[in-house]
Structures are given as C-alpha cells and as structure tokens.
Amino acid sequence: MRKKIVAGNWKMNKTLDEAVSLVSEVTNMIKDEVTSDVQVVLCPPALYLTTLKPYLEGQTRIALGAQNCHEKASGAYTGEISAPMLKSIGISYVILGHSERRQYFGETNEQLAEKVNSALANGLTPIFCCGESLEQRQGEIHLDFVRTQLTESLFHLSPEEFANIVIAYEPIWAIGTGLTATSEQAQEMHEILRQHIAEKYGPEVADNTSILYGGSANEKNAAELFAQPDVDGGLIGGASLKSREFTIVVKANK
Ligand code: PGA
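Remember, predicted model here, so these are calculated numbers, not experimental data. Here the residue numbering is sequential within each chain, running from 1 through the sequence in written order. With the structure being a predicted model, the display of local features is reserved for residues of pLDDT at least 70 and the display and counting of side-chain atom pairs for 80 or more, all residues being used for whole-chain, interface and lining totals. Values shown for side chains rest on all heavy atoms present in the structure; no hydrogens or waters enter the calculation.

1. A closer look at the overall build of the chain
So the rule is basically this: Runs of H or I in DSSP of at least four residues are treated as helices and runs of E of at least two as strands, each being numbered from the N terminus. Only C-alpha atoms enter the radius of gyration; for comparison, a globular chain is expected to reach 2.2 Å times N to the power 0.38, where N is the number of residues. Three exposure classes are used, based on accessible area relative to the maximum for each residue type with a 1.4 Å probe and protein chains only: buried under 20%, partly exposed in between, and exposed over 50%.
The secondary structure content of the chain amounts to 12 helices and eight strands. The globule rule puts the C-alpha radius of gyration for 254 residues at 18 Å, and the 17 Å found for the chain is close to it. Its C-alpha atoms put the chain at 45 × 45 × 35 Å along the principal axes. Sorting the 254 residues of the chain into buried and exposed places 55% on the buried side.

What follows is the structure, given as structure tokens:
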C-alpha cells in the first residue's frame with residue numbers, strides 16, 4: 001500500500017519566529033484533528049530545520065524535509081547544503097527538481113539524477129518534482145516531456161532504490177498562479193506516470209509509489225484532487241503557509 005502524503009513547501013518565506021509559530025500551530029492542529037495515517041512533511045527554509053526539529057518530537061506523522069540539496073557530499077560550493085549535512089541533523093525528506101530550481105538555478109535532469117543518488121545514499125527520501133509548462137501542454141508534448149523527466153533523473157535506479165522515491169507532479173502553469181489543474185488533468189498525468197513506472201519497474205513498484213499533485217492546491221480543491229485514484233496527496237506551496245488552510249488540506253487526504 002502506498003503512503004498518503006501531504007508536504008508543505010514553504011519556499012523562501014517566514015522569519016524564525018514565524019516559522020516556530022507555524023510549526024507549533026500545525027503540529028497541534030494535526031494532533032487534535034487528523035485521525036488518518038497521512039504522512040505530513042514540512043519543508044521550511046533549511047536554515048530553520050535544526051531549531052524546528054524539537055517541536056516535532058514524538059510526532060511520528062509529521063516529518064521535516066529540505067527544499068533542495070547539492071549533488072556532492074562536501075566541498076567548495078559556497079552557499080550550498082549537502083545530503084550528508086541533512087542526514088547529520090536527522091532530516092528524512094528532500095524536495096528535488098522543483099520547477100523553480102530548474103528555472104532559476106538551471107537544474108537539469110542529469111544533475112537531478114546525481115542529487116537523487118546523493119539523497120538516497122544518505123537515507124533521505126526524495127520528493128522528485130516534474131511538470132510541464134503551459135506551452136508544452138498546449139503543444140501536446142506534456143506527457144512525453146514529463147515521462148522524460150522521470151526517465152532521465154530516476155530510471156537509472158534499481159527497483160529497491162526506486163521504492164524510496166516520492167513523485168510530485170507539478171504543472172508549472174499551476175504553481176502559485178491560482179490556476180489548479182482539474183482533477184481530470186491531474187488524474188490523467190498521474191495514471192500515465194504510474195504506467196511509465198510500471199513499464200520500467202513492474203506493477204508492484206508502480207502501485208507502491210506515492211504520486212503527489214502540486215500547483216495551487218488548497219483547502220477548497222484538495223478533497224477533489226485527492227479523491228482521484230492515482231493522486232496520493234499533495235505538495236502544497238501557498239496554502240502551507242497558514243496553519244488552518246494547511247490542516248484542512250491534510251485532513252482532505254483520507
Ligand atoms: P503553490 O506551490 O501551491 O503555491 O502553487 C506549489 C509548489 O510550488 O510546490
């Protein structure tokens with residue numbers, strides 16, 4: 001059985017005090033209100049991970065994740081953080097290949113394959129992001145484009161390694177725009193990605209892979225998106241910055 005997951009991608013938001021408040025609020029609300037076994041992953045700016053960790057003590061349903069890591073273990077890469085560093089502070093998840101990283105920091109499928117390797121070698125679960133632009137969707141090349149993102153960054157992995165991957169489908173045109181993919185559009189892509197995984201790794205691995213949807217998912221549309229058979233949860237940006245909204249999204253993943 002694949003895991004139901006709701007991850008919050010805070011991006012470059014919140015001061016330390018605000019981050020502490022948000023984690024405390026979310027933790028309390030989830031403890032009091034969420035009865036399902038959904039896994040929650042909070043991905044604040046990496047700077048705050050160590051401070052926030054004690055706030056999640058004993059909360060098995062809530063984990064911390066980073067928003068990125070470098071492909072090398074250490075070295076002269078000013079400003080970067082590595083997978084061994086994340087491991088050393090007890091972090092379990094890392095978002096890799098977010099479209100903002102691809103767009104603003106030039107991350108390529110090949111480089112992401114190396115980041116995935118480094119994350120896995122350090123016991124981190126990658127939340128691997130993929131997704132097409134509006135032009136690609138309008139040009140009807142979106143299905144091939146997203147399949148290729150998986151092939152080039154993930155399909156060198158063994159089935160055992162691939163079992164540790166979480167996929168997040170995030171159409172670029174839906175991120176931060178208020179334009180959510182319809183539940184049909186999300187389901188279509190998720191089903192195609194699961195088939196693609198099944199062709200490479202077999203139906204059992206594909207069935208066990210959690211595929212999250214991201215892109216303007218919020219407290220209003222989450223229940224419908226999560227009700228789709230191949231949508232196993234969400235990667236939530238804007239709506240993860242407010243405790244009440246985020247908790248409603250988490251509760252919608254039953
Ligand atoms: P959004 O961002 O929910 O604000 O659209 C999602 C993401 O970028 O992960």
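2. Notes on the nonpolar core
Let me state the cut-off plainly: Residues grouped as a nonpolar core are buried Ala, Val, Leu, Ile, Met, Phe, Trp, Tyr and Cys residues, joined through side-chain atoms within 4.5 Å. Any two residues whose heavy atoms approach within 4.5 Å are treated as being in contact.
Core analysis: the largest hydrophobic core is formed by 67 residues, its most contacted members being Leu154, Phe162, Ile167 and Ile197. Those residues in contact with Ile197 that lie beyond four places of it in its chain are Leu150, Phe155, Phe162, Ile167, Gly202, Val205, Ala206, Thr209 and Ile211. Counting 13 residues, the second-largest nonpolar core is a separate cluster that includes Ala7, Val41, Cys43 and Tyr93.

3. Focus on the site of the ligand
To keep things clear, this is the line we draw: We call a residue near a molecule or strand as soon as one heavy atom of that residue lies within 4 Å of the molecule or strand. Under the rule applied, a polar contact is a pair of N or O atoms within 3.5 Å (in protein, one hydrogen donor and one hydrogen acceptor; residues adjacent in sequence only if both atoms are side-chain atoms). Note on areas: these come from Shrake-Rupley sampling with a 1.4 Å probe, and a residue is covered only by the protein chains present in the view. Note that Gly is not counted as nonpolar here; it falls among the polar residues with everything else outside the nonpolar set of Ala, Val, Leu, Ile, Met, Phe, Trp, Tyr, Cys and Pro and the charged set of Asp, Glu, Lys and Arg.
Lining the immediate surroundings of the ligand are 13 residues, of which Lys11, His98, Glu170, Gly176 and Ser216 lie closest. At a separation of 2.7 Å, an oxygen atom of the ligand approaches a polar side-chain atom of Glu170. In isolation the ligand has 280 Å² of accessible area, and contact with the protein removes 95% of it. Of the residues contributing to the shell around the ligand, the split by class is four nonpolar, seven polar and two charged.

4. Observations concerning the pattern of salt bridges
Pairing is possible between side chains of opposite charge, provided their charged atoms come close. Put simply, the test is: In what follows, salt bridge is the name for a side-chain nitrogen of Lys or Arg lying within 4 Å of a carboxyl oxygen of Asp or Glu.
Evaluated as defined, the whole model comprises 11 salt bridges. Two residues, Glu107 and Lys115, come together in a salt bridge whose shortest N-O distance is 2.8 Å. Given a relative accessible area of 6%, Glu107 falls into the buried group. A salt bridge links Glu219 to Lys220, with the nearest nitrogen and oxygen atoms 3.7 Å apart. With a relative accessible area of 27%, Glu219 lands in the partly exposed category. For Lys220, a relative accessible area of 70% puts it in the exposed group.

5. Topic: the sheet that holds strand S1 (residues 5-9)
Selection criterion: What makes two strands pair is DSSP finding at least two bridges between them. Angles here are taken between N-to-C directions and fall from 0 to 180 degrees, while the axes themselves are lines fitted to C-alpha atoms, restricted in helices to the stretch in contact.
Strand order in this closed barrel of eight strands is S1-S2-S3-S4-S5-S6-S7-S8, and the pairing throughout is parallel. Here the average twist between neighbouring strands, direction ignored, is 25°. One ladder, built from five bridges, connects S1 with strand S2 (residues 39-43); its direction is parallel. Along S2, the bridge assignment pairs Ile5 with Gln39. Along the sheet, helix H7 (residues 142-154) makes contact with strand S5 (125-130) and strand S6 (166-169), crossing S5 at roughly 145°. Strands in contact with helix H12 (residues 243-252) are S1, S2 and strand S8 (233-236); relative to S1, the strand with the most contacts, it is inclined by about 155°.

6. Re the environment of Val116
Relative to the assigned elements, Val116 resides in helix H5 (residues 109-121). Taking relative accessible area as the criterion, Val116 reaches 0% and is therefore assigned buried. Sequence separation between Val116 and His156 is 40 residues, and the spatial gap between their C-alpha atoms is 10 Å. Sequence-distant contacts of Val116, defined by excluding residues within four places in its chain, comprise Leu96, Pro126, Phe128, Ser153, Leu154, Leu157 and Ile165.

7. A short note on the state of the cysteines
Short version of the rule: Count a disulfide wherever a pair of cysteine sulfur atoms falls within 2.5 Å.
Within this structure, the stated rule accounts for zero disulfides. Cys69 takes part in no disulfide bond, and the closest cysteine sulfur to it belongs to Cys43, at a distance of 12 Å. Take Cys69: its relative accessible area is 0%, and that puts it in the buried class. Cys129 carries a free sulfur, and the closest cysteine sulfur to it, the one in Cys130, is 7.5 Å from it.

8. Focus on unusual backbone geometry
In most cases, non-glycine residues show a negative phi, while peptide bonds are predominantly trans. Within the chain, Lys14 stands out as a residue other than glycine whose phi angle is a positive 85°. As for its position among the elements, Lys14 is in the loop between S1 and helix H1 (16-33). The phi dihedral of Ser216 is positive, around 55°, even though this residue is not glycine. Looking at the element boundaries, Ser216 is found in the loop between strand S7 (211-214) and helix H11 (222-226). For Ser216, a relative accessible area of 17% puts it in the buried group.

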